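Architecture and fold: a report
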Amino acid sequence: MAWFDDKEEFYLAQQLEKEGNSLDISSRRHFIKNSLSFLAGSASIAALPNTVNAQTPPNIPKWTRSLGRGVVSVPYGQPSKYQKNTVRRTVPWLTADSISAVSMTPLQDLKGIITPNGLVFERYHAGVPDINPDQHRLIIHGLVERPRIFTMDDLKRFPSVSEIKFLECPANGGMEWKGPQMQGLQFTHGMLSCCEWSGVKLSTLLQEVGVKSEGKWVLAEGADGAAMARSIPLEKALEDTIVVYAQNGEALRPEQGYPLRLLNPGWEGNTSIKWLRRLEIGDKPWYMREETSKYTDLMADGKARKFSFVQECNSVITSPCPEKPWKKHGWYELEGLAWSGNGTIKAVDVSIDGGVKWQPAQIKGVVLSKALTRFSLPFKWQGQPLLLQSRAIDNTGYVQPTLAQLREQRGMNSIYHKNAIHTWQVTADGSVNNVQLS
Ligand SMILES: Nc1nc2c(c(=O)[nH]1)N[C@H]1C(S)=C(S)[C@@H](COP(=O)(O)O)O[C@H]1N2
Ligand SMILES: [Mo]
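Residues numbered from 1 in each chain as written. Chains lettered and ligands numbered in written order. Predicted model: local features only at pLDDT ≥ 70, side-chain atom pairs only at ≥ 80, totals over all residues. Heavy atoms only, no water.

From N to C terminus, the chain includes eight helices and 23 strands. Taking all 438 residues of the chain together, the buried fraction comes to 49%. Of all intrachain contacts in the chain linking residues separated by at least 6 positions in sequence, the fraction that spans at least 24 positions is 71%. Carbon and sulfur atoms form 55% of the exposed surface of the chain, whose accessible area is close to 21,300 Å². (Helix = DSSP H or I, 4+ residues; strand = E, 2+ residues; numbered from the N terminus. Buried < 20%, exposed > 50% of the residue type's maximum accessible area, 1.4 Å probe, protein only. Contact = heavy atoms within 4.5 Å. Areas by Shrake-Rupley, 256 points an atom, 1.4 Å probe, with all protein chains shown as cover.)

Laid out in structure tokens, this is it:
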């Protein structure tokens, strides 16, 4: 099966016959032969009439006729200047100030499962502190046998781990509990990232200080102006919490907590305290703090849940999406991301009719616990209107709920933990809208 229809390939062949004034006849012939055999092979991009110019095949582009810039002209590499629209974005009306705000990852522009460091969404309560790592210390005290203060060098002497985990703010999608209002994937789902995080397991450090038998909770506190603190149950700390100093191979970015942060895999982002300076072992949680009580979940019956640590199974279609409409008819790769704070993604189903019928998507690449997982489905779009949905199932058997099911359980006034099946409406002209089905 050719991905592009024959008409287009035929048109390209004609163009190639007409073009080629900058090539001599023999090399032009050769080139045409090669490009046509390539086309006959599998998927390829056919040139459109208006894109055939002096820089396009079979002409030799100007950048092939000159030398490029040399090594270390950019000591720390940057994306191509043509990628200037692939950036974090914020919603100005969400917060009064940029130092207590959130920016979103441009999921619509990314491939694979790793979020590049410069595009990881940011969430601050008091801005990014400027911390000299030589002056930074981590104290571990409270109900421990041997309280200690660690330098960054001390921490790097312990055996380390490197793990690919997603990080999601529980407010992701929270603006849409009452109805759709964000026209873009970046804004509906972009408080989400997935990096390879390196550091020391918290269990290793707790072994070093020796937790007393009364010790049941770990209070983690940041060194930013907010001195943000969260309490984590000891079981989680011993299971998979990491004290992180590196992200996708390099030192943590200032925005992500340089030089040290906590990472609680699969748990709500706010428990992953950045600019980590203090861990205090206690016998009860620090839930009297105002900051903690803000992250409660209001239920339909008016009661509130004090702790909702886990980011439940969720998924979204990333291509197409409002930012990436389908501009032509024909074959596309429908793609998306799924994740679960409880483990691995077992399966993802896709619906094109708003959840009436479902078909299984293919899982792409690696499937890791508490990491983004990419899914895909080849799809031929011929201009028919669609209601696209994805539904993820994790290894616990949990099935991502519909919005109606979630509202039944949690009412209309929740903010956090909105992991409902999401709907993109594809219209006849290919544009994609954020809609909710009743
Ligand atoms: N010290 C400190 N840690 C913090 C925060 C903060 O404001 N201060 N924000 C939290 C919240 S609410 C989230 S969602 C995550 C976001 O992590 P990121 O900015 O690396 O994406 O960091 C958490 N850790
Ligand atoms: Mo958050």
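Next comes the rest of the write-up.
A separate point is the side chain of Arg278. With respect to the helices and strands, Arg278 occurs in strand E12 (residues 276-282). A distance of 2.6 Å separates the side chain of Arg278 from the side chain of Glu280, its partner in a polar contact. Every residue in contact with Arg278, bar those within four places of it in the chain, is listed here: Leu138, Ile139, His141, Leu219, Ala220 and Glu221. (Polar contact = N/O pair within 3.5 Å; in protein donor to acceptor, adjacent residues only side chain to side chain.)

Quick look at the site of ligand 1 now. Surveying the vicinity of ligand 1 reveals 20 residues, the closest of which are Phe121, His125, Asp224, Arg261 and Lys274. Backbone polar atom of Arg123 to an oxygen atom of ligand 1: 3.0 Å apart, as the coordinates give it. Measuring from an oxygen atom of ligand 1, one finds a side-chain N or O atom of Arg261 at 2.8 Å. For ligand 1, the protein covers 100% of the area, taking 530 Å² as the surface of the free molecule. Of the residues that constitute the shell around ligand 1, the class distribution is eight nonpolar, six polar and six charged. (Near = heavy atom within 4 Å. Nonpolar A, V, L, I, M, F, W, Y, C, P; charged D, E, K, R; others polar.)

Relative to the assigned elements, Gly397 resides in the loop between strand E21 (386-394) and helix H8 (403-410). What makes Gly397 partly exposed here is its relative accessible area of 39%. Distance from Gly397 to Ala347, taken between C-alpha atoms, is 9.8 Å for residues 50 residues apart in sequence.

Before going further, it helps to examine the side chain of Ser308. Note that Ser308 resides in the loop between strand E14 (304-305) and strand E15 (314-319). What makes Ser308 buried here is its relative accessible area of 9%. Non-local contacts of Ser308, meaning those with residues more than four positions away in its chain, are made with Glu268, Asp297 and His417.

To continue, consider the nonpolar core. Among the nonpolar cores identified, the biggest contains 31 residues, and Leu334, Leu372 and Trp424 are the most heavily contacted of them. For this core, the secondary structure elements donating two or more residues are strand E6 (192-201), E15, strand E16 (330-339), strand E17 (345-351), strand E20 (373-381), E21 and strand E22 (423-426). Two domains each donate at least three residues to this core, and these are domain 2 (100-306) and domain 3 (314-435). Dropping the residues within four chain positions of it, Leu334 is found in contact with Ile317, Ser319, Pro320, Trp326, Val350, Phe375, Ser376, Leu377, Phe379 and Leu388. (Core = buried A, V, L, I, M, F, W, Y, C linked by side-chain atoms within 4.5 Å. Domains from an automatic or database assignment.)

On to the packing of aromatic side chains, then. Using the criterion set out here, one finds six aromatic pairs in the structure. Between Trp267 and Phe309 the ring centres are 4.2 Å apart and the planes differ by 5°, which places this aromatic pair in the stacked class. Taken together, the residues span a long stretch of sequence, with Trp267 in the loop between strand E11 (261-263) and E12 and Phe309 in the loop between E14 and E15 at a distance of 42 residues. Note on accessibility: Trp267 and Phe309 belong to one class, buried. With centroids separated by 4.7 Å and ring planes inclined at 15°, the aromatic side chains of Trp326 and Tyr332 adopt a geometry described as stacked. Of the residues examined, Trp326 reaches a relative accessible area of 3% and is grouped as buried. Among the aromatic residues, those joined into a cluster by ring pairs are Trp326, Tyr332, Phe379 and Trp381. Just above the ring of Tyr245 sits the side chain of Lys156; from NZ or CZ to the centre is 5.4 Å. (Phe/Tyr/Trp six-rings, centres within 6.5 Å; stacked < 30°, edge-to-face > 60°. Lys NZ or Arg CZ within 6 Å of the ring centre and 35° of its normal.)

Along a regular strand, successive side chains alternate from one face of the sheet to the other. Here strand E3 (residues 137-142) runs beside strand E4 (residues 148-151); their pairing, made up of four bridges, is antiparallel. Across the sheet, residue Ile139 finds its bridge partner in E4, namely Ile149. As consecutive antiparallel partners, E3 and E4 are separated by five residues. Judged from the four bridges that link them, E3 and E12 form a sheet pairing that is parallel. Its bridge partner lying in E12, His141 is registered against Glu280. (Pairing = 2+ DSSP bridges.)

With antiparallel pairing, four strands are arranged side by side in an open sheet as E15-E16-E20-E19. In this open sheet, the two strands that pair with only one neighbour each are E15 and strand E19 (362-364). For this sheet the average axis-to-axis angle between neighbouring strands, irrespective of direction, equals 35°. Both E19 and E20 contribute to a ladder of three bridges, which runs antiparallel. Along E20, the bridge assignment pairs Lys364 with Arg374. (Axes fitted to C-alpha atoms, helices over the stretch in contact; angles between N-to-C directions.)

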